[in-house]
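Each chain, letter by letter, is given below.
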Amino acid sequence: MRTPLHMVTDNLRHQARNALLGRRRYPFVLMLEPLYTCNLACLGCAVERHTGKLRDRLPVSECLDAVRVSEAPVVSICGGEPTIYPELPELISGIIARRRHIYLCTNALLLDTKVFDRVPPNRRLTLNVHLDGMRETHDYVCARDGVFDKAIEMIRAAKERGYHVTTNTTVFKETRIDEVEELCRFLRDLDIDGMLISPGYQYESVDRDIFLTRQDTERKFRRILEIADEYKLTSTPMFLEFAAGLRDYSCSPWSTVTRTPLGWKGPCYLIGKRHYATYEEFWEETDWDYWESRQDALCTNCAMHSGFEASVVREVRKSPRDALRLAAWHLSG
């Protein structure tokens, strides 16, 4: 299967439960950022995500409380670089004990010293490694030589140790799609468990002209859509068609909620208009109708999976054809 069966069934149960409760909006994923400390300063990353002090990290208790109140079946541990978080083994074991699925989003540089032999493989744990191209491109984006080679070394070691390993690739303005395909072929040969390819988002704190316009995204993702069936991409066919400009969706900003050292970030993972002290304040005070509409200038060029994969799920119920396509996609790969 393209997605582990236990993850699919847990997500379906989550959707059914919320439907029975009459909820139209509810989180699918908790983006948990326990720290804003990183060992890299990648060109496309929001400045605040790699300039924080380790002393300002979230305690494990607050991280687990965020898991509880969000009720999301999937927790993406990011940051910052989560392998720097000193209490990472305790945090991961606590989330698994609560029967959530974890994506540990990492540059992989510290897996051998911070994860291997400290955090055992588990069917609820996925190591999600950031790779934005082949060696020259990835090292350039990460602003450091040798990052690509170390990440590949760690991917190989993780696979040998029995971890479930996926990759996350961001497409920028200068990204060549033939290099993305080269990376997909390379990762397929490593027997990678899944590849996420997503258009980059223009963070307000990044002033480099490296991000895609909506037209750029559509042009590049039409080619990605053409090759999608050849590789184990984790984006749904409908999302790829949306990114390619072949269908349209409203946003689902509420589907991916974010807890950071500054509080609950609103309205979404990408846009930090405000940080809230409590989940209740965040949920009740965010104008979801406004942000769903994509009318804000900050939404003009956004086609991120974090806002639109839940829209695919929301709309697929209206189309038996799309429902069958989605089921077939899950069973493939």
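For the structure, check the block above.
Attention here is on the structure that accompanies the text. (Residues numbered from 1 in each chain as written. Predicted model: local features only at pLDDT ≥ 70, side-chain atom pairs only at ≥ 80, totals over all residues. Heavy atoms only, no water.)

### What about the environment of Glu315?
Part 1 of the reasoning: Along the chain, the position of Glu315 falls in helix α12 (residues 305–316).
Part 2 of the reasoning: Relative accessible area serves as the criterion here: at 28%, Glu315 is assigned to the partly exposed category.
Part 3 of the reasoning: Along the sequence, Glu315 and Met238 sit 77 residues apart, while their C-alpha atoms lie 9.9 Å from each other. (Helix = DSSP H or I, 4+ residues; strand = E, 2+ residues; numbered from the N terminus. Buried < 20%, exposed > 50% of the residue type's maximum accessible area, 1.4 Å probe, protein only.)

### What to know about unusual backbone geometry
Part 1 of the reasoning: Cis geometry marks the peptide bond from Gly79 to Gly80, where omega comes out at 20 degrees.
Part 2 of the reasoning: Mapped onto the elements of the fold, Gly80 is located in the loop between β2 (74–77) and α3 (88–97).
Part 3 of the reasoning: Between Gly266 and the following residue, Pro267, the backbone shows a cis peptide bond with an omega angle of 15 degrees.
Part 4 of the reasoning: By the element assignment, Pro267 lies in strand β8 (residues 263–267).
Part 5 of the reasoning: In this model, Arg99 sits at a positive phi of 60 degrees, which is unusual for a non-glycine residue.
Part 6 of the reasoning: A positive phi angle, close to 60 degrees, is found at Ala143, a residue other than glycine.
Part 7 of the reasoning: Take Ala143: it is sitting in the loop between α5 (135–142) and α6 (147–160).

### Examining α12
Part 1 of the reasoning: An ideal rise of 1.5 Å per residue puts 16 Å on 12 residues; α12 measures up with 16 Å between its terminal C-alpha atoms.
Part 2 of the reasoning: By the criterion of burial, α12 is predominantly enclosed, with 10 of the 12 residues buried.
Part 3 of the reasoning: For α12, every residue scored as buried is listed here: Ser306, Gly307, Phe308, Glu309, Ala310, Ser311, Val312, Val313, Arg314 and Val316. (Expected span 1.5 Å × (residues − 1).)

### Re the packing of aromatic side chains
The geometry of an aromatic ring pair comes down to the distance between the two centres and the angle between the two planes.
Part 1 of the reasoning: One pass over the full model with this rule turns up 17 aromatic pairs.
Part 2 of the reasoning: Look at Phe242 and Tyr249: their rings are 5.9 Å apart centre to centre, the planes differ by 55 degrees, and that puts the pair in the tilted class. When sorted by exposure, Phe242 lands in the same class as Tyr249, which is buried.
Part 3 of the reasoning: Between the aromatic rings of Tyr279 and Trp283, the centroid separation amounts to 5.8 Å while the plane-to-plane angle is 20 degrees, which identifies the pairing as stacked. Residue Tyr279 and its partner Trp283 are located together in helix α10 (residues 279–285), separated by 4 residues, close to a single helical turn.
Part 4 of the reasoning: Its relative accessible area of 10% is what places Tyr279 among the buried residues.
Part 5 of the reasoning: Cation over ring: Arg214 sits above Phe242, and NZ or CZ is 4.8 Å from the ring centre.
Part 6 of the reasoning: Sitting over the ring of Tyr269, Lys265 keeps its end group 6.0 Å from the ring centre. (Phe/Tyr/Trp six-rings, centres within 6.5 Å; stacked < 30°, edge-to-face > 60°. Lys NZ or Arg CZ within 6 Å of the ring centre and 35° of its normal.)

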